[in-house]
Amino acid sequence: NAGVTQTPKFQVLKTGQSMTLQCAQDMNHNSMYWYRQDPGMGLRLIYYSASEGTTDKGEVPNGYNVSRLNKREFSLRLESAAPSQTSVYFCASSGTSAEAFFGQGTRLTVV
Amino acid sequence: GIQVEQSPPDLILQEGANSTLRCNFSDSVNNLQWFHQNPWGQLINLFYIPSGTKQNGRLSATTVATERYSLLYISSSQTTDSGVYFCAVRFGNEKLTFGTGTRLTIIP
């Protein structure tokens, strides 16, 4: 039982490049989330998906797109990376109990 | 949206000391969680506690939902308790909103 798995763990991009962060959960949870954490700060919600086939914007959605591929997987795409998107990205999921579980994070640097 | 405030922002203690961390929130919630972010950046679930009191070893938490606050108690601190403690709250199916955290440093 792996819980929430994120890939990759580390990534360096050049400004303007694109990439997709992958997230998968094996807990049969309906809700999935993408957060970013900047140095010394709390987590801010980028997008979330309350169920398969639905997605909604969070606090800081600009510059990102998401896809809820199926119940297990929720991906985050940066179409044209900018230095301001340098951050640690966390994926999370929650089920009927509403308790959220987090992946180990992806450390992204945009140069 | 719901506002979440944590205090104190920073706390430095000697090993063996006890501490109380506080989380205030601005609206009714039906989900409150405490997390520990360790120095490697991992977010570890401590408590899911929308109301009442729970204990897990040296840690315990109390949420008084009607008064819109939660407390996390750490007794007999160890250096491995160092890191940032976050509370996060949600009402209904709304997003999980995080506080800005309390950075705890335990000195040997």
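Located above this text is the structure these notes cover.
Below, the structure is looked at part by part.

With the rule as written, the count across this model stands at ten aromatic pairs over all chains. Here the aromatic rings of F102(A) and F35(B) are separated by 5.3 Å at their centres, their planes lie at 85°, and the arrangement is edge-to-face. You can see F102(A) sitting in strand β10 (residues 100-102) and its partner F35(B) sitting in strand β4 (residues 31-37), one on each of two chains. By way of ring pairs, the aromatic residues Y33(A), Y35(A), Y48(A), F90(A), F102(A), F35(B), F86(B) and F98(B) are connected into one cluster. Note that R22(B) overlies the ring of Y69(B), its terminal NZ or CZ placed 4.3 Å from the centroid.

Contact with chain A, which involves 18 residues of that partner, is made by 17 residues of chain B. For chain A, the biggest contributors to the area lost against chain B are L43(A), E99(A) and F102(A); these three give 27% of the whole. Seen at the junction of chain A and chain B, the total is zero salt bridges. Here chain A and chain B share six residue pairs in polar contact (both at pLDDT 80 or more) between them. Breaking the side of chain A that touches chain B down by element, the ones donating at least two residues are β4 (31-37), β5 (43-49), β9 (87-94) and β10 of chain A. Of the residues that constitute the side of chain A that touches chain B, the class distribution is eleven nonpolar, five polar and two charged.

This part is about the pattern of salt bridges. With the rule as written, the count across this model stands at four salt bridges over all chains. Across the pair E79(A) and R77(A) runs a salt bridge whose closest N-O atoms are separated by 3.1 Å. By relative accessible area, which is 44% here, E79(A) ends up partly exposed. With its nearest N and O atoms 2.9 Å apart, the salt bridge here joins R58(B) to D81(B). On the criterion of sequence distance, the pair formed by R58(B) in the loop between β6 (52-56) and β7 (59-64) and D81(B) in the loop between β8 (69-74) and β9 (83-90) is long-range, its members being 23 residues apart.

Moving on, we come to the environment of R72(A). Residues and elements named next belong to chain A. By secondary structure assignment, the location of R72 is in the loop between β7 (64-68) and β8 (74-78). Look at R72 and you get partly exposed, because its relative accessible area is 44%. Considered as a pair, R72 and M27 are 45 residues apart in the sequence and their alpha carbons are 8.2 Å apart.

Residues and elements named next belong to chain A. A sheet is described by the order of its strands in space; here four strands give the open sequence β1-β3-β8-β7, paired in antiparallel fashion. Since the sheet does not close on itself, it has two edges, and those belong to β1 (4-7) and β7, each with one partner. The mean inter-strand angle of the sheet, taken between neighbouring strand axes irrespective of direction, is 15°. Here β1 runs beside strand β3 (residues 19-25); their pairing, made up of four bridges, is antiparallel. Counted as the bridge partner of T5 is A24 from β3.

Another aspect to go through is the side chain of Q33(B). Position of Q33(B) among the secondary structure elements: in strand β4. Engagement of the side chain of Q33(B) in a polar contact is seen with the backbone nitrogen of A100(A), the distance being 2.6 Å. Aside from chain neighbours lying at most four places away, what touches Q33(B) is A98(A), E99(A), A100(A), N45(B), F47(B), Y48(B), F86(B), C87(B), A88(B) and L96(B).

We now examine the state of the cysteines. Enumeration over the complete set of coordinates arrives at two disulfides over all chains. The side chain of C23(A) participates in a disulfide bridge whose partner is C91(A); the two sulfur atoms lie 1.8 Å from each other. When the S-S torsion is -75°, as for the bridge of C23(A) with C91(A), the disulfide is left-handed. Residue C23(A) is located in strand β3, and its partner C91(A) is located in strand β9; the two are separated by 68 residues in the primary sequence. Each member of the pair C23(A) and C91(A) is classed as buried. Covalent S-S linkage joins C23(B) and C87(B), the inter-sulfur distance amounting to 2.0 Å. The S-S bond linking C23(B) to C87(B) shows a torsion near 70°; that makes this disulfide right-handed.

About the cut-offs
- Residues numbered from 1 in each chain as written.
- Chains lettered and ligands numbered in written order.
- Predicted model: local features only at pLDDT ≥ 70, side-chain atom pairs only at ≥ 80, totals over all residues.
- Heavy atoms only, no water.
- Phe/Tyr/Trp six-rings, centres within 6.5 Å; stacked < 30°, edge-to-face > 60°.
- Helix = DSSP H or I, 4+ residues; strand = E, 2+ residues; numbered from the N terminus.
- Lys NZ or Arg CZ within 6 Å of the ring centre and 35° of its normal.
- Contact = heavy atoms within 4.5 Å.
- Buried area = accessible area lost by both parts, 1.4 Å probe.
- Salt bridge = Lys/Arg side-chain N within 4 Å of Asp/Glu carboxyl O.
- Polar contact = N/O pair within 3.5 Å; in protein donor to acceptor, adjacent residues only side chain to side chain.
- Nonpolar A, V, L, I, M, F, W, Y, C, P; charged D, E, K, R; others polar.
- Buried < 20%, exposed > 50% of the residue type's maximum accessible area, 1.4 Å probe, protein only.
- Pairing = 2+ DSSP bridges.
- Axes fitted to C-alpha atoms, helices over the stretch in contact; angles between N-to-C directions.
- Disulfide = S-S within 2.5 Å.

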